[in-house]
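Commentary on secondary and tertiary structure
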Amino acid sequence: MPGGRARISRSDVEHVAALARLALTDEEVEQLTGELGAIVDYAAEVSALDTADVPPTAHPLPLVNVFRPDDPRPGLDRDEVLAEAPATEDGQFRVPRILGEAL
Amino acid sequence: MSAHDIATVVRAGERLAQDVIEEYLAAVDEREAQLHAFNHVLANEAREAAAVVDAAVARGDDPGPLAGVPIALKDNLCTRGVPTTCSSKILEGWRPPYSATVVERVVAAGAVPIGKTNLDEFAMGSSTENSAFGPTRNPRCPDRVPGGSSGGSAAAVAAGFASVGLGSDTGGSIRQPAALSGVVGIKPTYGLVSRYGLIAFASSLDQIGPLTGSVSDAALMLEVIAGHDPLDSTSIPEPAPGLREMLHAGVDGLRVGIVEELADADGVQPDVAAAVEQAALALEKEGATVERVSVPSAAYGLSAYYLIAPAEASSNLARYDGVRYGLRVDGPDTATMNARTRDAGFGPEVKRRIMLGTYALSAGYYDAYYGQAQRVRTLIIRDFGRAYEHFDALLGPTSPTTAFELGARTDDPLSMYLSDVCTVPTSLAGHPAASVPFGVDGDDLPIGVQVLAPALGEQVMFRVARVIEAAAP
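Residues numbered from 1 in each chain as written. Chains lettered and ligands numbered in written order. Predicted model: local features only at pLDDT ≥ 70, side-chain atom pairs only at ≥ 80, totals over all residues.

**What to know about the packing of helix α2 (residues 17-35) of chain B against helix α3 (residues 43-59) of chain B**
Residues and elements named next belong to chain B. Close contact between α2 and α3 brings their axes to 8 Å; oriented N to C, the two are set at 155 degrees. Considering the angle they form, α2 stands roughly antiparallel to α3. Every residue of α3 that contacts α2 at A17, Q18, V20, I21 and L25 is listed here: A43, A46, R47, A50, A51, V53 and D54. Looking at the contact of α2 with α3, its residues break down into nine nonpolar, one polar and two charged. (Axes fitted to C-alpha atoms, helices over the stretch in contact; angles between N-to-C directions. Helix = DSSP H or I, 4+ residues; strand = E, 2+ residues; numbered from the N terminus. Parallel < 35°, antiparallel > 145°, perpendicular 65-115°, else oblique. Contact = placed C-beta atoms within 7 Å. Nonpolar A, V, L, I, M, F, W, Y, C, P; charged D, E, K, R; others polar.)

Right under this line is the structure:
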């Protein structure tokens, strides 16, 4: 946090893990609580610089939208792509039940 | 053997590419078990590719400027039909249905891929110890790391397993292993080399570049891989600068600055600092003027980098969800399956970075961390811009230290991150940089000197690098 030391609690780590879809073990949560606290404290040094009138840079190049002619061309071979998937059915990726959906 | 020399004799029909590749495969047989530079050696594929090169020569065709040159490919570059793992369990066994543009280009130029090289998982690390398949060892001193994350490619070139290698550099991942392994490493200007088929870590920083035994081979390699690619929307839509024609132009009249924030950074080993001074003297001797220069915000480069790169990584790595490729650990519903797959498939450093990046982007912290880091990035670009008003190229150490022992920094993530302190600032600016071997320290370990140049300043960078190489003790 600007002007102070960042503190990361166990529940912060659990919250962020849920956002990041990581099913961390208890030991991992414990370890990451300490490690992330130390790293964030270090990274928070950026707050020492005065950036009041400084715009952010998201990218080193002045990006413009790139268009190409709308010519049809072959994509990747479907069978070749599906052959690398963990589970498929009828030419599609197969996944477990989506939460909350009545099937 | 240099890539240039191999291509010359193979193109002239004086030597078979098949004989060249056997020589390199023999070197792999001899030391790979000890060094573990590769995740996957492509012995049969290389023999077949070399036969194709020889057949072209026999027909009177020119196989290209890399004819018969054995090349090591970092295992985050997609190779059609060949396992591409990023040294991660989450992609173990995956065979991409397409190849990276750089792979297509080096093969079209006649190069012969000899293997996919080990890396820190998803290129996150500075020692190659974060590989799910075990560390790579430094050929110069096998109880030391080769640097990272392109440690496998650096080790492969240093050990003579390949004539040249390709790596990727997000915050130093080509330059730092080049320095620690005693080879040349180039991070090109952002956008000069297509990223199509490079498995993304931090998309606003990632660049592919060569690791080679000489500056002149690096120039040859960069000429082959650089140039616009419609498959990468961030690829610069202009012709790439010619490099070899400028290589021996010397440095007479050039203005070179030693960056104080890099040269005087905490933890720079005295031998390394002395090498930078000595390289500067060599440039002066050849007619350059050298002065010290301050790039004040560069001192905040590492902090900004460790917010920006993990933030981008947390977004890029969201695609590993157990649905379309790679590992799946099943669960009663898709969300649980996603979360179990990711916990089982990612190693500790990758999880750390995903967590850090997700935190830096999360509600309530975004502006203080990610937003502030982006504004610091602007300041770094401005400060480098000011320096380049007075200097043609800049100088500093590549790595604060020479190769460290395996295990020395694995228990403390921050100490590992500090390996990147000299390479990260220019990455944030998107500028090119080279690491050139320059002597050894008291333990006989290689030292790398870093040459920095403004965006698309590769010609000047190579001229300076060549003079430093020629003066190296």
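**Description of the interface of chain B and chain A**
The accessible area lost on association of the parts is a frequent measure of interface size. The interface of chain B with chain A comprises 58 residues on the first partner and 47 residues on the second. Put simply, the parts of the chain that give the side of chain B that touches chain A at least two residues each are α10 (301-316), α11 (334-345), α12 (348-361), α13 (367-390) and α14 (413-417) of chain B. For the side of chain B that touches chain A, the element with the most residues is α13(B), which contributes twelve residues. Partitioning the side of chain B that touches chain A into residue classes produces 28 nonpolar, 18 polar and twelve charged.

**Regarding the domain arrangement of chain B**
Residue and element names in this part refer to chain B. The domain boundaries assigned to chain B delineate domain 1 (3-245), domain 2 (255-300 + 372-432 + 442-471) and domain 3 (304-367). Listed per partner, the contact involves 33 residues of domain 1 and 31 residues of domain 2. Here the side of domain 1 that touches domain 2 takes six residues from helix α6 (residues 175-181), the largest share from any one element. (Domains from an automatic or database assignment.)

**Focus: the nonpolar core**
Residue and element names in this part refer to chain B. If you look at the biggest cluster of nonpolar residues, it comprises 176 residues, and the most contacted ones within it are I71, V112, L307, A393, V451 and V464. Looking at this core element by element, the count peaks at nine residues for α10. The contact partners of I71, leaving out residues within four places of it in the chain, are V106, A111, V112, P113, I114, A162, V164, G165 and L166. (Core = buried A, V, L, I, M, F, W, Y, C linked by C-beta atoms within 7 Å. Buried ≥ 20, exposed ≤ 12 C-beta atoms within 10 Å, placed from the backbone.)

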